[in-house]
Amino acid sequence: MKQVKHRNSASKILILGTVFLFTFFNPVFGQDEAAVDNAAVTEASSGGDVAKGEELFKSLCAACHKRYKKSVGPALFGATDKYDRAWLYSWIKNSAAMVASGDAQAVAVFEEYNKTAMNAFPQLTDGDIDNILAYVMVPKADPPPPPPGGGKETVGGGVSANVILAILALVFLMLVVVLFLVNKTLRSFAEANNVELPQAEERTPIWKAFIQNQFLVMVTAIFLLLASGYFVYGYFMQVGVDQGYQPVQPIHYSHKIHAGDNKIECKYCHSSARVSKTSGIPSLNVCMNCHKSISEVADATATEEYSKEFYDGEIQKLYKAVGWDTDTQAYTGDTKPVKWVRIHNLPDFAYFNHSQHVSVAGVECQTCHGPVEEMEIMYQHAPLTMGWCINCHRETNVKVADNKYYEKIHKELSKKYGVDQLTAAQMGGLECGKCHY
């Protein structure tokens, strides 16, 4: 009887075919084609400079006006169609004088917007006003049309990537079936010709060989006991430690946009951090200081994860909570509480005073809270454990320059420790009663 050596040729062909297919077609799926449409900006018929007008509008007008939407003042798009240009010159330069003179249009606008006086801009020339009007009269750009194919990724001559993927899957499946049939046919042919196929030698099961080696069993048992003790200890040491905690808030608030892009000082919103134990949650009135005039974000603010429509929707949640009517630009009195979720929460037996660290020690907010200006969603950056606090006290020098409170104690302790700079620990920062009382 003949005996042949089985080389698993079918399996090798299958593996090589799979590698070939994914190597050959990988560039197809790696391409990321995007159609870029450049919308042309239409100049206003007045002959003004749109670019200069945009600069003037953003520096002088944007606090109260929007181009296409009512704000503190009326929407400015279409102003030249509604009012005479000479009247606009006089109104922008000194609206109060026109109201006082009894001008019918001036009085009507003044009455419509709750008798809120418009700032006077006597420094603007007629040319400057023409530039502003040219900018505000630019029609609102239409949203870009959806990409062909319903937004699905396409390759080559417009063929959907999903179609290519389905074809490849079908080819791969056919290849597997063909190789299986070939393997079965070869085995049947070998049996028909009395060709003996090699049989795999029986080996001792690995678990039985492991049990028979007593030294290896003992070493493994000791290792498992030590590893279990280590992980159990680590687990219990993390009880109450919420580092990385990132809850979903009822209104999405982006620290990245406010503290990062717009450079808003942390203590503008968290003002009580200067003088109080806690930093406090800003009231919605603080938000409305800006958002009375900011009802939508700029197009450039949107990201792949968060669209402009998403951010604008969150601002509308703020308006609903405070009862702000964008049409009348007034509060309705219908308010709803916002149930913010607390992120940083120390246990009751631990005392921490923000003002002592912020105002006296001059500690930056990022020292404990991390790179807040980069956080889209706020999370707990530091572990806030006792060891973490103690380590900071041991490494941080107390700022005593121009601080009479520390002048005498610094002088005495400097002699005691023989140093020029004292750490918070040397000033008593490790005493139990400082944080536990």
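This one's a predicted model, so the numbers in the text were calculated from it and none came from an experiment. (Residues numbered from 1 in each chain as written. Predicted model: local features only at pLDDT ≥ 70, side-chain atom pairs only at ≥ 80, totals over all residues. Heavy atoms only, no water.)

## Considerations on the side chain of K66
When you line up the elements, K66 lands in the loop between α2 (50-61) and α3 (79-82). E296 provides the closest opposite charge to the buried, salt-bridge-free K66, at an N-O distance of 5.6 Å. Within the structure, the side chain of K66 is placed 2.4 Å from the backbone oxygen of S293, a separation counted as a polar contact. Those residues within four positions of K66 in sequence are excluded, and the remaining contacts are F57, S71, P74, A75, L76, S293, I294 and S295. (Helix = DSSP H or I, 4+ residues; strand = E, 2+ residues; numbered from the N terminus. Buried < 20%, exposed > 50% of the residue type's maximum accessible area, 1.4 Å probe, protein only. Lys, Arg positive; Asp, Glu negative; His and termini not counted. Salt bridge = Lys/Arg side-chain N within 4 Å of Asp/Glu carboxyl O. Polar contact = N/O pair within 3.5 Å; in protein donor to acceptor, adjacent residues only side chain to side chain. Contact = heavy atoms within 4.5 Å.)

## Structural notes on the packing of aromatic side chains
Tallying each qualifying case throughout the model produces 10 aromatic pairs. Here the aromatic rings of Y230 and F231 are separated by 5.3 Å at their centres, their planes lie at 80°, and the arrangement is edge-to-face. Taking the centre distance of 4.9 Å and the plane angle of 70° together, the rings of W324 and Y331 count as edge-to-face. Ring-pair connections join several aromatic residues into one group, and the members of that group are Y83, W87 and W91. (Phe/Tyr/Trp six-rings, centres within 6.5 Å; stacked < 30°, edge-to-face > 60°.)

## What to know about the side chain of K267
Inspection of the secondary structure assignment puts K267 in helix α12 (residues 266-269). In this structure the side chain of K267 is engaged in a polar contact, spanning 3.0 Å, whose partner is the side chain of E265. Residues in contact with K267, not counting those within four places in the same chain, are R274, V358 and C365.

## A short note on helix α14 (residues 308-322)
The first and last C-alpha atoms of α14 sit 22 Å apart over 15 residues, in line with the 21 Å expected at 1.5 Å per residue. Within α14 the residues assigned to the buried category are K308, Y311, D312, E314, I315, L318, Y319, A321 and V322. Looking at the packing, one finds that the buried side of α14 touches α11 (255-261), α13 (284-291), β5 (324-325) and β6 (330-331). Of the residues one or two after α14, G323 is the one with positive phi, at around 75°. (Expected span 1.5 Å × (residues − 1).)

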